[in-house]
Amino acid sequence: MSYTETEKETIAVPEKVSKRFFLETYGCQMNISDSEIVTALLQKEGYKSTLSPAEADVVLLNTCAIRENAEDKIRVRIKSLKAVKKRNPDLIIGVLGCMAERLKKKLLEEEHLVDIVVGPDAYRSLPELINGLEDGGKAVNVLLSREETYADINPVRLSGNGITAYISIMRGCDNMCSFCVVPFTRGRERSRDPETIMNEAKLLFEQGYREVTLLGQNVDSYKWFGGGPKKDFEKVTAENKNAEVVSFASLLEKVALIHPLLRVRFTTSNPQDMTNEVLHVIAKYPNICKYIHLPMQAGSSSMLERMNRGYDREKYLRRIEAIREIIPGCSISTDIIAGFCSETEEEHKETLSLMEKVKFDYAYIFTYSERPGTLAAKKYKDDIPEEIKLTRMQEILARQRRQSMDNNEADIGKVFEVLVESHSKRSKQQLVGRNSQYKSIVFTSEQHKPGDYVHVCITKCTSGTLLGEVLN
Ligand code: SAH
Ligand code: F3S
């Protein structure tokens, strides 16, 4: 059908006043990546984003349930929105993500402020739920899916630097670590079609991005073959003997081959599943970053057994040795939980001694917090007093700080290729970027800009940052 100019004018519909949404994200990179998907889904429906809840028609909180204090923080935030809702009674408040499934009833009944609750696999239904809300009504969709990967959605990048971006390659987790609520809040593990991952990475590169981080709770168990996710593996490979299997190692290689100037990172690796094949791919391509985040959680085999981690102290150490051997100069970071159920002083000391052996570059340290519904909540007592958990965490922190400082001091005099991410907040002449090892590097230059690769010689350091000079 075609129209003349005048016909077009006469049939033009008046422009719809678009709703504005404010979206706040809590928790891990996966949640940031989910918020980018939610933003894309809402913008597609004509919603406009705003940076102020006071200007919004819809306020959405993308939540995290990993530890109790994360949930507490979000509940305080929900209560604080009461004042905003008082000024604007039509305001719609929605809770998205990991708290949704677990707390849907509580959120809707106790916190009368919440109008919509949507789980991590149900974001596509969000626009419809918002539109369908009647005066004072409530809407919930917390169904978990075995297929949803949002593969066709082109996320709206929220990180803002235009240089680094996240790409979600899988969702959910099947590992069932006894302390962890993720398998319950985010559902079963499923891998995303590699073709769509590649297209997303290529598009980012064309738009000027220079680094992508492939995201999954357990990237080493990524698996795709001849047109289906992991759950159909046996069925499809039995029917089609030539089905191409894409493992994490082959996915990493495919993304690295997009362009040598596109850096590739990934997280999270799992000691139970990380193969030498993956390590060899990392070693082979200069643009795959020499950095592995390998959560150890604890240093004693008895604790790791109670945590249901699927490896013991020796196996963890063997994985570290393999990294050191196959990828010289690779930096390693970790996650550690202090004060898990019945942790003895000896077990805690084993955590410290494993740290001493590995010499991590960085560690994320948490005190254990019991999560309802998990294996640990059912099977073990959360019996370590809070003060002991905190003391142990402080000891681990102090040890790590010393180690990070030692490792950074050892970098003084070395030259690194730095991808510039932004100007420093302190001065326009100062640039901030990272080396392949994920260390943050600050240096002064007037010739360079975000997106450039610059060779920098390290001259000074703190435990968190390297400072250097541009090499001519
Ligand atoms: N997929 C990642 C971890 C996801 S959760 C992995 O393979 O380990 C991020 C980190 O939060 C975990 O590594 C763990 O150290 C911490 N964590 C998870 N549940 C916790 C709990 N109940 N209490 C304290 N820390 C927890
Ligand atoms: Fe949680 Fe273990 Fe998976 S920590 S996200 S169940 S690998």
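Since this is a predicted model, take the numbers as computed values, not measurements.

A.B. asks: Help me out: how do you make sense of the site of ligand 1 in this one?
C.D. replies: Looking at ligand 1, there are 16 residues lining it, with R67, Q217, Q297, D335 and S369 nearest. Separating a nitrogen atom of ligand 1 from a backbone N or O atom of F179 is a distance of 3.1 Å. One of the side-chain nitrogen or oxygen atoms of Q297 is found 2.7 Å away from an oxygen atom of ligand 1. About the coverage of ligand 1: the protein hides 90% of its 540 Å² of free accessible area. Within the residue set of the shell around ligand 1, elements represented by two or more residues are β16 (331-338) and β17 (362-367). Considering only residue class, the shell around ligand 1 consists of six nonpolar, six polar and four charged.

A.B. asks: Would you mind showing me how to read the sheet that holds strand β15 (residues 291-293) here?
C.D. replies: One key point about sheets: their strands pair by backbone hydrogen bonds, in either a parallel or an antiparallel sense. Pairing in this open sheet of three strands is parallel, and the strands run β15-β16-β17 from one edge to the other. Of all the strands in the sheet, the pair left with one neighbour each is β15 and β17. Going from strand to strand, the sheet's axes swing by 10° on average, the running direction of each strand aside.

A.B. asks: Looking at this structure, I do not really get the packing of aromatic side chains. What am I missing?
C.D. replies: Each aromatic ring pair is summarised here by two numbers: the centre-to-centre distance and the angle between the ring planes. Applying the stated rule across the entire model yields nine aromatic pairs. Ring centres 6.4 Å apart and planes at 55° place the aromatic pair Y316 and F360 in the tilted group. With Y316 in helix α13 (residues 313-326) and F360 in the loop between α14 (345-358) and β17, the pair connects residues that are 44 residues apart, well separated along the chain. Both residues of the pair, Y316 and F360, count as buried.

A.B. asks: Hey, could you run me through the packing of helix α3 (residues 68-80) against helix α5 (residues 98-109) in this one?
C.D. replies: For any two helices packed against each other, the geometry comes down to the angle between their axes and how far apart the axes lie. The contact between α3 and α5 brings their axes to 13 Å, and the two run at 45°. Considered as vectors, α3 and α5 are oriented oblique to each other. For the pair α3 and α5, the crossing hand works out as right-handed. Counting all contacts with α3, which are made through E71, I74, R75 and I78, the residues of α5 involved are M99, R102, L103, K106 and L107. Class assignment for the residues of the contact of α3 with α5 results in five nonpolar, no polar and four charged.

A.B. asks: Is there a simple way to think about the domain arrangement of the protein in this case?
C.D. replies: By a frequent convention, interface size equals the accessible area lost on bringing the separate parts together. By domain assignment, the protein separates into domain 1 (20-141), domain 2 (164-407) and domain 3 (415-470). Centre-to-centre, using C-alpha coordinates, domain 1 lies 28 Å away from domain 2. Between domain 1 and domain 2, the contact holds 19 residues from the first and 20 residues from the second. Summed over both sides, the interface of domain 1 with domain 2 buries roughly 1700 Å², with 55% coming from carbon and sulfur. Together, Q29, M30 and R67 form the three largest contributors to the area buried by domain 1 at its contact with domain 2, with a combined 34%. Our count for the domain 1 to domain 2 interface comes out at five salt bridges. Of the charged contacts, one joins E71 and R371 as a salt bridge, the two residues approaching to 3.2 Å between their closest N and O atoms.

A.B. asks: Honestly, the sheet that holds strand β3 (residues 58-63) in this entry has me stumped. Any pointers?
C.D. replies: The strand order β2-β1-β3-β4-β5-β6 describes an open sheet built from six strands, whose pairing is parallel. The outermost strands of the open sheet, each flanked by one partner alone, are β2 (48-49) and β6 (139-141). Where α3 meets the sheet, it contacts β1 (20-25), β3 and β4 (92-97), and its direction lies at approximately 170° from that of β3. Seen against the sheet, α5 touches β3, β4, β5 (116-118) and β6 and runs at an angle of roughly 140° to β4.

A.B. asks: What am I meant to see in helix α2 (residues 29-44) here?
C.D. replies: Each full turn of the α-helix corresponds to 3.6 residues, which orients residues three or four apart in the same direction. In this model, α2 (16 residues) spans 23 Å end to end at C-alpha, consistent with the 22 Å of a helix rising 1.5 Å per residue. For α2, the tally of buried residues reaches twelve of 16 residues, placing the bulk of the element in the interior. Taken together, the buried positions of α2 are M30, N31, S33, D34, S35, E36, I37, V38, T39, A40, L41 and L42.

A.B. asks: I'm lost on the environment of V114 in this one. Help?
C.D. replies: The residue V114 is located in the loop between α5 and β5 in this model. Among the residues examined, V114 registers a relative accessible area of 0% and is labelled buried. The sequence separation of V114 and C341 amounts to 227 residues, and the corresponding C-alpha distance is 34 Å.

A.B. asks: Any chance you could explain the pairing of β3 here in plain terms?
C.D. replies: For β3, a buried count of six out of six residues is recorded, marking the element as mostly surrounded by other parts of the structure. Of the two faces of β3, the one lined by V58, L60 and N62 and the one lined by V59, L61 and T63 are each fully buried. Where β1 meets β3, five bridges bridge the pair, whose relative direction is parallel. Looking across to β3, one finds that L23 is bridged to L60.

A.B. asks: What should I look at first to understand the pairing of β16 in this one?
C.D. replies: Strand residues, when the strand is regular, have side chains that alternate between the two faces of the sheet. Of all eight residues that make up β16, eight are buried, and the element is covered over most of its length. Covered by surrounding structure in β16 are S331, S333, D335 and I337 together with I332, T334, I336 and A338, the residues of both alternating faces. Pairing analysis gives three bridges linking β15 to β16, with the strands arranged parallel. When the bridges of β16 are listed, Y291 appears paired with S331. Here β16 runs beside β17; their pairing, made up of six bridges, is parallel. Note on β17: the bridge partner recorded for S333 is Y362. With α14 bridging β16 and the parallel β17, this β-α-β connection has right-handed handedness.

Criteria and cut-off values
- Residues numbered from 1 in each chain as written.
- Chains lettered and ligands numbered in written order.
- Predicted model: local features only at pLDDT ≥ 70, side-chain atom pairs only at ≥ 80, totals over all residues.
- Heavy atoms only, no water.
- Near = heavy atom within 4 Å.
- Polar contact = N/O pair within 3.5 Å; in protein donor to acceptor, adjacent residues only side chain to side chain.
- Areas by Shrake-Rupley, 256 points an atom, 1.4 Å probe, with all protein chains shown as cover.
- Helix = DSSP H or I, 4+ residues; strand = E, 2+ residues; numbered from the N terminus.
- Nonpolar A, V, L, I, M, F, W, Y, C, P; charged D, E, K, R; others polar.
- Pairing = 2+ DSSP bridges.
- Axes fitted to C-alpha atoms, helices over the stretch in contact; angles between N-to-C directions.
- Phe/Tyr/Trp six-rings, centres within 6.5 Å; stacked < 30°, edge-to-face > 60°.
- Buried < 20%, exposed > 50% of the residue type's maximum accessible area, 1.4 Å probe, protein only.
- Parallel < 35°, antiparallel > 145°, perpendicular 65-115°, else oblique.
- Left-handed = near helix turned anticlockwise from the far one by under 90°.
- Contact = heavy atoms within 4.5 Å.
- Domains from an automatic or database assignment.
- Buried area = accessible area lost by both parts, 1.4 Å probe.
- Salt bridge = Lys/Arg side-chain N within 4 Å of Asp/Glu carboxyl O.
- Expected span 1.5 Å × (residues − 1).
- Right-handed = clockwise from strand over helix to strand, strands pointing away.

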